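# Structural overview for review
Residue-level listing of the chains:
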Amino acid sequence: MTGIKQPPARLAEILRTCEQLAFDLEFTHAKAWRKAADDRLLVGYLPIYVPREVIHAANGLPVGIMGVGDHKRIIKGDAYYQSYICHLPRGIIEMALDSNLEDFDGFLFPAICDCVRNLSGMFKLAQKGKFTRYFDYPQNFKEHIGGTFFRELIETVESDMFKLNGVKVTPERLNHSIGLYNRNRSMIEAIYDIRQEFPWRLSAVDTYYILRAGLVMPVEEHNAILEEVLELIGLDHGEAMDNIRVVVTGSFCEQPPIGMLKSMEMAGCYIVDDDLMLGSRWTQGDVDDTTDDPLGAIVTAFLEKSPSSSAVYDVGNPKGARLVDLVRHRHADGVIFCAASFCDPALLDRPELQKACDAAGIVHINFQFHENTGQFKVIKEQAGTFSDSIKLWV
Amino acid sequence: MAEVNEAVKERSMVIQKEMLAELFTELSTAKEKGRKVVYTFVPGNLTELILALDMLPVYPEINALQSGMRKKSASYIKDAEKMGFSEDVCTYVKCDIGMMLNGNIGPTGEKLPDPDLLLLSYTGCFTFMKWFENLEKLYPGVEIAMLHTPYQEDGRITEDQITYMVKQLEEEVIPKLEKVAGKKLDRARLAKMLENSSKAEDLWVKVLHSAKTVPSPIDSYFAGVYYMGPLFTAFRGTERALEYYQELHDEIMERQAKGLLPITPEGEMKEERFRLLVEGPPNWTNFREFWKIFYDMGAVIVASTYTKVGGVYDQGFRHDPDNPIESLARYCMGCYTNLSLPQRVDLLEHYIKEYKVDGFLINSIKSCNSFSAGQLLMMREIEKRCGIPVGFIESDLVDPRYFSYANIKNRLESYFQMLAQRKSILAQQPTTEKA
């Protein structure tokens, strides 16, 4: 016996389930939920954010479509995209052309970049889903201008869903859904807070499995999992390693392969915060679930409580300062910039974010990836060197 | 490499050159004369608003493409990459930032003034937003106005979108412009400018439509980018632009009446062998060599989508002096890259029929996801709907590392051979079968 307390067996069991769900590209669990009642709807959405509360209140299951990673071979998708376009959309079109996205009723494509925007048009041309919307959320943050526009946008989605299942989104239903997602986000943040102090109790990869699994199941089920995870990681287990603590940023859309995250961790980096599942953590704090106008509360939350993101116009709320604040808040030693190749939003943000880190005395390193990158030796060596240099010199 | 001689210029090109020289001189003396300068983008620009407030516009994409044509973009891009910008990202952005790092010298060799206002009226390109976020950091403290132009995701402009745009214009953009200009907007003056715009747009459409005749008197892509210049940039709404388009129109109508073919840098084309539709922007670093490949083979581009990035006027839109702000809103939302993919495919199909097109060619641009993402599906759709040969080449806007002359020439020559073969097969078929 080493004297190290082993992680609870139940945690390992949950993680196995979450890992399986997170990378089930047939979306078996979500499709089974859909089939259980005629008025249920599956609404797929791409990174980063859609107001999942509204879909839930309309008796829909919002299903995050985060790409195929290294879990599906791209055969047809490459014929739809030039080599200089990121990897995410080619995997998604591959799924659309195969059977993976059958039984989905609708698709939402958030306004995060031109690739995702045009992918919405490709779905329309290919006639995928009963409705397809480019979710063009406002870049004007005044309630009566951008807010009104955003409200109308959400109402359009409500109407799309109503036409399919006849379920009216009442204030009561929406307040109930908002409450469930408030609980979901607060538990996710609680997990990050525990990991901030005890990152060895739940690795970044395991955290990722738990959050990503939440994209393919009803929020009620995910909340039950989070509750259990919180309880289990509240128990003392494992042992602290001589690792540095880093924030990973730039992977809000196309997701890095799990091997890459593992390589960083194995190289001596505790990832104490990241933007990998940013959509699940979008609203900073709760949305009011006690009003007569819950849709208004969702709109206000978007305008006032959105996080730092490459997809949101940052004038008046600079991303650099927000990243520095996050590093300070998490007591991180450095930042790993980790963006998908050819991701204009993330890569165009990087120089200014790096400058902000430099000005604040925060060290950083930079990687680029494709979701199906298969070689991690260099990444592990560089992350290891980064970790060693911080331990030795900073 | 092909040899390129001194270019032959049409009369209207000379006028345009003078207009540009005057503009850059005005810009170079703007600060000493107290003129305010607004940096903004070409698609969905608000030039009439800027000019009606006596300010001067600067278009960063135009700076970048000019740098590309003057063979300066390679070093500018490298300087931006040294600053941390990835090799993967838009080269217009890197070229513009590199130019700024090197003193912001414009195409006439005079320094461009720093902006007094960044007017981000971004239409059809998400990267524009990132570009201006970067410029904002590079010009700390500069005033900023943001106009979020919704995308025509549903294949139409909705009332909600118009209301959103008008509110932004009336409550945010115009007040910010007025603040920087130090004066109130003269609405009558704006209306007069929009009336000028509308008249110039009528003339521009007639120029575009001239390419429907066989043979076409114009090249709607390579020459088209010159023709569109004044209307798409700093001159729309001015008397000078109207004068230019009247001249251009008369010149083209004269050519059409005489059955003349397009003017190229090496003189008038003698034969129209192929009529092409091109999707995507041109390459700027090797613009004349690129053009030469086409005119040497007798290929005339009779319609192009790039000449619609500053407005799809040939589909009926006009700036409206009687409804100025809504008309500006509709203009912003109506530009080509703000159209949904299904709308873009429909427009391409329309051009193929209207302009008696022999072949459809995509110049896929590495830097421009707004254009490029989805083009391969568009190509399949066009092939399916129209049954004409489609071609596909790749290059970049202003990064010469991505222009491979030999590869492009080889590919185009094969494509032209295919077109020639098809034409000869069609010529042998009875008329009823062809129809």
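Criteria and cut-off values
- Residues numbered from 1 in each chain as written.
- Chains lettered and ligands numbered in written order.
- Predicted model: local features only at pLDDT ≥ 70, side-chain atom pairs only at ≥ 80, totals over all residues.
- Heavy atoms only, no water.
- Helix = DSSP H or I, 4+ residues; strand = E, 2+ residues; numbered from the N terminus.
- Buried < 20%, exposed > 50% of the residue type's maximum accessible area, 1.4 Å probe, protein only.
- Contact = heavy atoms within 4.5 Å.
- Phe/Tyr/Trp six-rings, centres within 6.5 Å; stacked < 30°, edge-to-face > 60°.
- Lys NZ or Arg CZ within 6 Å of the ring centre and 35° of its normal.
- Pairing = 2+ DSSP bridges.
- Axes fitted to C-alpha atoms, helices over the stretch in contact; angles between N-to-C directions.
- Salt bridge = Lys/Arg side-chain N within 4 Å of Asp/Glu carboxyl O.
- Nonpolar A, V, L, I, M, F, W, Y, C, P; charged D, E, K, R; others polar.

## Quick notes on the overall build of chain B
Helix and strand content of chain B: 19 helices and ten strands. Reported as C-alpha extents along the three principal axes, the dimensions of chain B are approximately 70 × 50 × 40 Å. Within chain B, the fraction of its 435 residues that count as buried is 65%. Considering only contacts in chain B between residues 6 or more positions apart, those separated by 24 or more positions represent 78%.

## Some points on the side chain of A:Arg90
All names here are of chain A. Topologically, Arg90 is positioned in helix 4 (residues 88–97). For Arg90, a relative accessible area of 6% gives the class buried. Once you skip the residues sitting within four places of it in the chain, Arg90 turns out to touch Ile74, Gly77, Asp78, Tyr81, Gln82, Ser83 and Ile85.

## Quick look at the packing of aromatic side chains
All told, the structure shown has 48 aromatic pairs over all chains when counted by the stated rule. Positioned above the aromatic ring of B:Tyr355 is the side chain of B:Lys212, whose terminal nitrogen or guanidinium carbon lies 5.6 Å from the ring centre. The aromatic ring of A:Tyr80 is capped on one face by B:Arg380, whose charged end is 4.1 Å from the ring centroid.

## As for the sheet that holds strand 4 (residues 131–135) of chain A
Hydrogen bonds between backbone atoms are what pair the strands of a sheet, whose relative direction is either parallel or antiparallel. All names here are of chain A. Reading across from one edge, 2-1-3-4 is the order of the four strands in this open sheet, with parallel pairing throughout. A strand with exactly one partner marks an edge of an open sheet, and here the two such strands are strand 2 (60–64) and strand 4. The average undirected angle you get between the axes of adjacent strands in this sheet is 20 degrees. Both strand 1 (residues 41–45) and strand 2 contribute to a ladder of five bridges, which runs parallel.

## Comments concerning the pattern of salt bridges
For the structure on display, the rule yields 74 salt bridges over all chains. Here B:Asp202 makes a salt bridge to B:Arg318, at a shortest N to O gap of 2.6 Å. Of the two residues, B:Asp202 is situated in helix 9 (residues 187–209) and B:Arg318 in the loop between strand 8 (299–304) and helix 14 (324–334); the sequence distance between them amounts to 116 residues. Three or more residues are tied together by salt bridges with common partners; here these are A:Asp314, A:Lys319, A:Asp349, B:Lys130, B:Glu133, B:Glu136 and B:Lys137.

## Some remarks on the packing of helix 8 (residues 204–213) of chain A against helix 10 (residues 258–266) of chain A
Each pair of packed helices can be summarised by the angle the axes make with each other and by the distance between the axes. Residues and elements named next belong to chain A. Put simply, helix 8 and helix 10 touch, their axes get as near as 9 Å, and they point 145 degrees apart. Only Ile258, Leu261, Lys262 and Glu265 of helix 10 make contact with helix 8, whose side of the interface consists of Ala204, Val205, Tyr208 and Tyr209. Its residues assigned to classes, the contact of helix 8 with helix 10 comprises six nonpolar, no polar and two charged.

## Focus on helix 8 of chain A
When you tally the buried positions in helix 8 of chain A, you get nine out of ten residues, the bulk of the element. Of all the residues in helix 8 of chain A, the buried ones are A:Ala204, A:Val205, A:Thr207, A:Tyr208, A:Tyr209, A:Ile210, A:Leu211, A:Arg212 and A:Ala213.

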